[in-house]
Amino acid sequence: LQSGNQNPETYFFLSKTKAAFGDLEGAIAAARRAVEIEPRNAACRAQLGDLLLIQARYRMPHAALAKPDFQAALDADPKNTEALAGLAKILFLEGDRDNASKTAARIASPEKATLARLDLLEPANDKPALTALHTEAAARFPDSFEVQW
C-alpha cells in the first residue's frame, strides 16, 4: 500500500485477504487502520470485532475486547449481520443467554440467523441440539458453504 492511503475500504479488504491467508496479526492491523480512518464504518468495526474474537479464541475475558467494536458497528448500522452475530457470541460467553438469543434473533437473513444460533450452541457443548440444528440448516440451506462447512 502507498504511504498515506486514507481509504478504509482498502484496509478492510486487505484485512479480509490477510485473514483468508492465515495472517491474523496482519489482518487485525489492517482492520485497525481502517477503523482509525473511519471509526463509524460498520463493516470495518465488525471485521475488527470478528478478528479480535478469533484471536481470543472465544475465551473470556479476552473476547470482551471485541465488544466495543461490535457495539460501534451497530451504532453505525443497527442491522449489521456480522456485528449482531459477534455481539450475540460475546453475550453468550458472558453468560447472558437471554440477550444473546435476542441479539441473534435481530439478524434479518434466515441463513445468517441460523449460523448465529449454531455459533451460540457450539460453546455450550449441547451436541444433540447442535446436531439437530445443523441437520435442519443443511436441509434448509443446501447451497450455503458456511452451513455445509
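Quick look at the structure, then. (Residues numbered from 1 in each chain as written. Predicted model: local features only at pLDDT ≥ 70, side-chain atom pairs only at ≥ 80, totals over all residues. Heavy atoms only, no water.)

## Here's the deal with the pattern of salt bridges
How we decide: Put simply, a salt bridge is a Lys or Arg side-chain nitrogen that is within 4 Å of an Asp or Glu carboxyl oxygen. A run of H or I in DSSP counts as a helix once it spans at least four residues, and a run of E counts as a strand once it spans at least two, with each numbered from the N terminus. Each residue's exposure class comes from its accessible area (1.4 Å probe, protein chains only) as a fraction of the maximum for that residue type: buried when under 20%, exposed when over 50%, partly exposed otherwise.
Per the counting criterion, the structure on display carries five salt bridges. Note that R33 and E36 form a salt bridge whose closest N and O atoms lie 3.3 Å from each other. With R33 and E36 both in helix 2 (residues 24-37), this residue pair falls three residues apart, about one helical turn. Look at R33 and you get partly exposed, because its relative accessible area is 24%.

## Quick word on the side chain of T103
To keep it simple, the criterion reads: For this analysis, residues touch if any pair of their heavy atoms sits within 4.5 Å.
Mapped onto the elements, T103 comes out in helix 6 (residues 97-105). Assessed through its relative accessible area of 7%, T103 is described here as buried. Sequence-distant contacts of T103, that is, excluding residues within four places in its chain, are made with L84, L87, A88 and L91.

## A short note on the packing of helix 1 (residues 8-20) against helix 3 (residues 42-55)
Which entries qualify depends on this criterion: Here an angle of 0 to 180 degrees is reported between the N-to-C directions of two axes, which are lines fitted to C-alpha atoms, with helices fitted over the stretch in contact. Working definition: roughly parallel below 35 degrees, roughly antiparallel above 145 degrees, roughly perpendicular at 65 to 115 degrees, and oblique for all remaining angles. When the near helix sits turned anticlockwise from the far one by under a right angle, the crossing is termed left-handed; a clockwise turn instead gives a right-handed crossing.
In contact at an axis separation of 10 Å, helix 1 and helix 3 are set at 25 degrees when each is read in the N-to-C sense. Here helix 1 lies roughly parallel to helix 3, going by the angle between them. Read as a crossing pair, helix 1 and helix 3 show a hand that is left-handed. On helix 3, the residues that touch P8, F12, S15, K16 and A19 of helix 1 are A43, C44, Q47 and L51.

Just distances and angles here, no functional claims.
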